[in-house]
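Inside the fold
The primary structure of each chain is shown beneath.
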Amino acid sequence: MRQKLAAGNWKMHGLAADLAAIDALRAANPAPACEVVICPPATLLARMAERLKRSPYCLGGQDCHVAAKGAHTGDIAATMLADAGASFVILGHSERRADHGETSAVVAAKARAARAAGLVPIICIGETEAERDGGRTLQVLSDQLATSLPDGTDAPLVVAYEPVWAIGTGRTPSPAQIAEAHGHLRSQLARHLGAGPAAAVRLLYGGSVKPANAAAIFAVAEVDGALVGGASLAAADFGAIIASLDAAG
Ligand code: PGA
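Notes on the structure follow. Every chain begins its residue count from 1, and numbering advances along the sequence as written. Predicted model: local features are reported for residues with pLDDT of at least 70 only, side-chain atom pairs are reported and counted for 80 or more only, and whole-chain, interface and lining totals are derived from all residues. Remark: hydrogens and water are excluded; side-chain values derive from all non-hydrogen atoms of the structure.

Look at helix 1 (residues 20–28) against helix 2 (residues 45–52): their axes get within 10 Å of each other, and the N-to-C directions meet at 25°. Between helix 1 and helix 2, the interaxial angle falls into the category roughly parallel. The hand of the helix 1/helix 2 crossing is right-handed. Contacts between helix 1 and helix 2 involve Ala20, Ile22, Asp23 and Arg26 on the former and, on the latter, Met48, Arg51 and Leu52. Gly falls in the polar group here, along with every residue not listed as nonpolar (Ala, Val, Leu, Ile, Met, Phe, Trp, Tyr, Cys, Pro) or charged (Asp, Glu, Lys, Arg). Considered class by class, the residues forming the contact of helix 1 with helix 2 number 4 nonpolar, no polar and 3 charged. Helix axes are fitted only over the stretch in contact, all axes being lines through C-alpha atoms; the angle between N-to-C directions runs from 0 to 180 degrees. Think of it this way: any DSSP run of H or I at least four residues long counts as a helix, any run of E at least two long counts as a strand, and we number them from the N terminus. In this scheme, roughly parallel covers angles under 35 degrees and roughly antiparallel covers those over 145, while 65 to 115 is roughly perpendicular and the rest are oblique. Here a crossing is called left-handed whenever its near helix is offset anticlockwise from the far helix by less than a right angle, and right-handed whenever the offset is clockwise. Should any heavy atoms of two residues lie within 4.5 Å, those residues are counted as being in contact.

Next up on the list: the nonpolar core. For soluble globular proteins, the rule of thumb is that nonpolar side chains tend to be buried together. Residues grouped as a nonpolar core are buried Ala, Val, Leu, Ile, Met, Phe, Trp, Tyr and Cys residues, joined through side-chain atoms within 4.5 Å. Exposed residues in this analysis have more than 50% of their type's maximum accessible area, buried residues have under 20%, and partly exposed residues fall in between, with area computed by a 1.4 Å probe over protein chains only. Grouped together as the largest cluster of nonpolar side chains are 58 residues, with contacts concentrated most on Ile38 and Leu189. For leucine 189, the contacting residues outside a window of four places in its chain are Leu145, Leu149, Val159, Gly194, Ala198, Val201 and Leu203. By size, the runner-up hydrophobic cluster in this structure holds 14 residues, among which are Cys39, Ile90, Val120 and Val158.

Further remarks concern the pairing of strand 7 (residues 202–206). Among the 5 residues in strand 7, 5 count as buried, and that is most of the element. The alternating pattern of strand 7 places Arg202, Leu204 and Gly206 on one face and Leu203 and Tyr205 on the opposite face, and all of these are buried. For strand 6 (residues 158–161) and strand 7, the ladder comprises 4 bridges, and the chain directions are parallel. Residue alanine 160 lies in a different strand from strand 7, and its bridge partner there is leucine 204. Here strand 7 runs beside strand 8 (residues 225–228); their pairing, made up of 2 bridges, is parallel. Residue glycine 206 lies in a different strand from strand 8, and its bridge partner there is leucine 227. With helix 10 (residues 211–218) bridging strand 7 and the parallel strand 8, this β-α-β connection has right-handed handedness. Any two strands between which DSSP finds at least two bridges are classified as paired. Assignment of crossover handedness uses the view with strands pointing away from the viewer, where a clockwise path from the first strand over the helix to the second indicates a right-handed crossover.

In this section: the site of the ligand. Note on definitions. A residue lies near a molecule or strand when any single heavy atom of the residue is within 4 Å of it. Residues in contact with the ligand amount to 13 residues; listed here are only the nearest, Lys11, His93, Glu162, Gly168 and Ser208. Counting of polar contacts relies on pairs of N or O atoms within 3.5 Å, with two restrictions inside protein: one atom must be capable of donating a hydrogen and the other of accepting it, and residues adjacent in sequence are counted only when both atoms are side-chain atoms. Here an oxygen atom of the ligand and a backbone polar atom of glycine 168 are 2.7 Å apart. The backbone of glycine 229 places a nitrogen or oxygen atom 2.9 Å from an oxygen atom of the ligand. Here the ligand, which alone exposes 280 Å², has 97% of that area covered by the protein. Looking at the shell around the ligand, its residues break down into 4 nonpolar, 7 polar and 2 charged. Note on areas: Shrake-Rupley with a 1.4 Å probe; residue coverage comes only from the protein chains shown.

The next thing to look at is the packing of helix 10 against helix 11 (residues 235–248). Where helix 10 meets helix 11, the axes come as close as 9 Å, and the angle between the chain directions of the two elements is 20°. With respect to their mutual orientation, helix 10 and helix 11 come out roughly parallel. Crossing angle aside, the handedness with which helix 10 passes helix 11 is right-handed. Touching Pro211, Ala214, Ala215 and Phe218 of helix 10 are Asp237, Ala240, Ile241, Ser244, Leu245 and Ala248, all from helix 11. Split by residue class, the contact of helix 10 with helix 11 holds 8 nonpolar, 1 polar and 1 charged.

For helix 7 (residues 137–148), built from 12 residues, the straight-helix expectation of 16 Å at 1.5 Å per residue is met to within 8% by its first-to-last C-alpha distance of 16 Å. For helix 7, the set of buried residues is Thr137, Val140, Leu141, Ser142, Gln144, Leu145 and Ser148. Packed against the buried residues of helix 7 are helix 4 (94–100), helix 5 (104–116), strand 5 (120–125), helix 6 (129–133), strand 6 and helix 8 (175–193). The length a helix should cover is 1.5 Å for every residue beyond the first.

A separate point is the pairing of strand 6. Within a regular strand, the side chains alternate between the two sheet faces. Burial of the side chains of strand 6 extends over both faces: Val158 and Ala160 are buried on one face and Val159 and Tyr161 on the other. With 4 bridges connecting them, strand 5 and strand 6 associate as parallel partners. For isoleucine 125, the partnering residue across the bridge sits in strand 6 and is tyrosine 161.

This next bit is on the pattern of salt bridges. Any carboxyl oxygen of Asp or Glu within 4 Å of a side-chain nitrogen of Lys or Arg constitutes a salt bridge here. Within the structure shown, the criterion is met by 15 salt bridges. The residue arginine 96 makes a salt bridge to glutamate 102 at a minimum N-O spacing of 2.8 Å. The exposure class assigned to arginine 96 is partly exposed, which follows from its relative accessible area of 21%. Note that glutamate 222 and arginine 186 form a salt bridge whose closest N and O atoms lie 2.6 Å from each other. You can see glutamate 222 sitting in the loop between helix 10 and strand 8 and its partner arginine 186 sitting in helix 8, a full 36 residues away along the chain.

Listed below in structure tokens is the structure:
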């Protein structure tokens, strides 16, 4: 039985004053049945860790370097995220693939570094609108998954299906399209990892998840939770999404 997971990706949002949103979130959802991870910008990691202490909420980073340390100005190592209190890290988000030219091979190397530091990688993959319109969605997902996965089958892993065209746009795939993508990813995971380890991987949907569409998305087979961007910044919205995930059982 996979525990459901709600991950909030704050992206490049959040100043010290915004940490108060977490208190409101915790007050409204003091004991979620699902796992909740908050991924703030690096500047807030330590203060967020302090804020999340003695709560069921976890901390995550938004990226890490492939190396454990070294001369890489401006980068952050997985060991540093773990040292700051993180237990997850988002890797290969489409914004990093687009803004920083991250390839799937780099994502796989980052996932290896994350695991070496004891972090659970949340590996993001997803098709562009042109790829979907061209009927290539499943092939793109197969290719990205195969090349982004780290070696090894015994450590926890999360994969987020995030159609690029659904991120920050207010548009989402239909439940049937999400079901098709997640079913495909589950069978591809079984090919790469074997049936047992594949069954343990949590598959998140990400892209314009809001309180209004969360229940319909969480009702889809093989959806184990969500990676939430914009709606994770407002405590009321993220709280409602968490409640929706809990209600989906
Ligand atoms: P969004 O972002 O919820 O704002 O669409 C999701 C994501 O990029 O992880």
